[in-house]
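One-letter residues, chain by chain:
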Amino acid sequence: MSNAVAKILDDLKERGALKGIDVANIASVSPATVSHVLGNRPGFAYARNTRFRVFDAARELQYVPNLVSASLRKQRTCTIGLILPALDSAIVIRKFDIIEREFRRAGYHVLMGLSRGEVETERTYLDGFYSRRVDGVVLFPMLRHGEIDHLRRLIKAQFPSVIVGEHEDSEGLNFSYVDVNRERGHELAVQHLIEHGH
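This section reports on the structure supplied with the text.

The rules behind each value
Residues numbered from 1 in each chain as written. Predicted model: local features only at pLDDT ≥ 70, side-chain atom pairs only at ≥ 80, totals over all residues. Heavy atoms only, no water. Phe/Tyr/Trp six-rings, centres within 6.5 Å; stacked < 30°, edge-to-face > 60°. Buried < 20%, exposed > 50% of the residue type's maximum accessible area, 1.4 Å probe, protein only. Lys NZ or Arg CZ within 6 Å of the ring centre and 35° of its normal. Helix = DSSP H or I, 4+ residues; strand = E, 2+ residues; numbered from the N terminus. Contact = heavy atoms within 4.5 Å. Axes fitted to C-alpha atoms, helices over the stretch in contact; angles between N-to-C directions. Parallel < 35°, antiparallel > 145°, perpendicular 65-115°, else oblique. Nonpolar A, V, L, I, M, F, W, Y, C, P; charged D, E, K, R; others polar.

**A word on the packing of aromatic side chains**
Argument step 1. Per the stated rule, a full pass over the model turns up two aromatic pairs.
Argument step 2. Measuring from centroid to centroid gives 6.0 Å for Phe103 and Tyr108, while their planes differ by 75°, and the two rings are edge-to-face.
Argument step 3. The exposure class of Phe103 is partly exposed, given its relative accessible area of 22%.
Argument step 4. When the ring centre of Tyr130 is taken as reference, the NZ or CZ atom of Arg133 above it lies at 5.4 Å.

Shown next as structure tokens:
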């Protein structure tokens, strides 16, 4: 395999970037097989030997798939924008950890921004995520009266978004949201204390 790799690397000096077809040539498989194996695509099963040949060829060539190209074809980037107010407590860090882990399990990468409680920073991150064509946004927003035009734009663009946390000040925005039922939490806390003789 080393002679073939050397030839491909020489060819690269002339034409530029390494492509999936180069990995396919080394592994003696089709470019589609390379795409399926390296992309770990569901619904495609390949023999263990085939998978090893593809992985070995990719490793030897130091091939990294072009995710921008793939996202143009698929019309999705497999990225989610996450805007947190800050990483100043164990609770917020735990929320980030859970969100990131669940999206990673689903095949997404999370891009995180910290608004630091500033609506303008939140707007800047939302604009950046939107222009980078993330597939959706999870937002712990700063909902201040009269300062939600950036959220209205997301709704108007039908951009997949979820608000986490308090939403009472959302002035009728039709958003998906996740919140804690504080009243029920208080009931459970009181019940627990009573049951344990406190």
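So much for the structure itself; the text now carries on.
**Section: the side chain of Thr79**
Argument step 1. In this structure, Thr79 sits in strand β1 (residues 79-84).
Argument step 2. Taking relative accessible area as the criterion, Thr79 reaches 13% and is therefore assigned buried.
Argument step 3. Here Thr79 is in contact with Tyr108, His109, Val134, Asp135 and Gly136, once residues within four sequence places are set aside.

**Regarding unusual backbone geometry**
If a residue is not glycine, its phi is most likely negative; likewise, a peptide bond is most likely trans.
Argument step 1. For Gln62, which is not a glycine, the phi torsion comes out positive at approximately 55°.
Argument step 2. Within the secondary structure, Gln62 sits in the loop between α4 (48-61) and α5 (67-74).
Argument step 3. In this model, Arg116 sits at a positive phi of 55°, which is unusual for a non-glycine residue.
Argument step 4. In this fold, Arg116 is placed in the loop between β2 (109-114) and α7 (119-131).
Argument step 5. Residue classification places Arg116 among the exposed positions, given a relative accessible area of 58%.

**Regarding the packing of α7 against helix α8 (residues 149-156)**
Argument step 1. Where α7 meets α8, the closest approach of the two axes is 9 Å, and the angle between their N-to-C directions is 25°. When the axes of α7 and α8 are compared, the pair comes out roughly parallel. Between α7 and α8, the contacting residues are Val119, Glu122, Arg123, Leu126 and Asp127 on the first element and Asp149, His150, Leu151, Arg153 and Leu154 on the second.
Argument step 2. Within the contact of α7 with α8, the residues separate by chemical class into four nonpolar, one polar and five charged.

So far we have only geometry, and geometry alone does not tell us how the molecule works.
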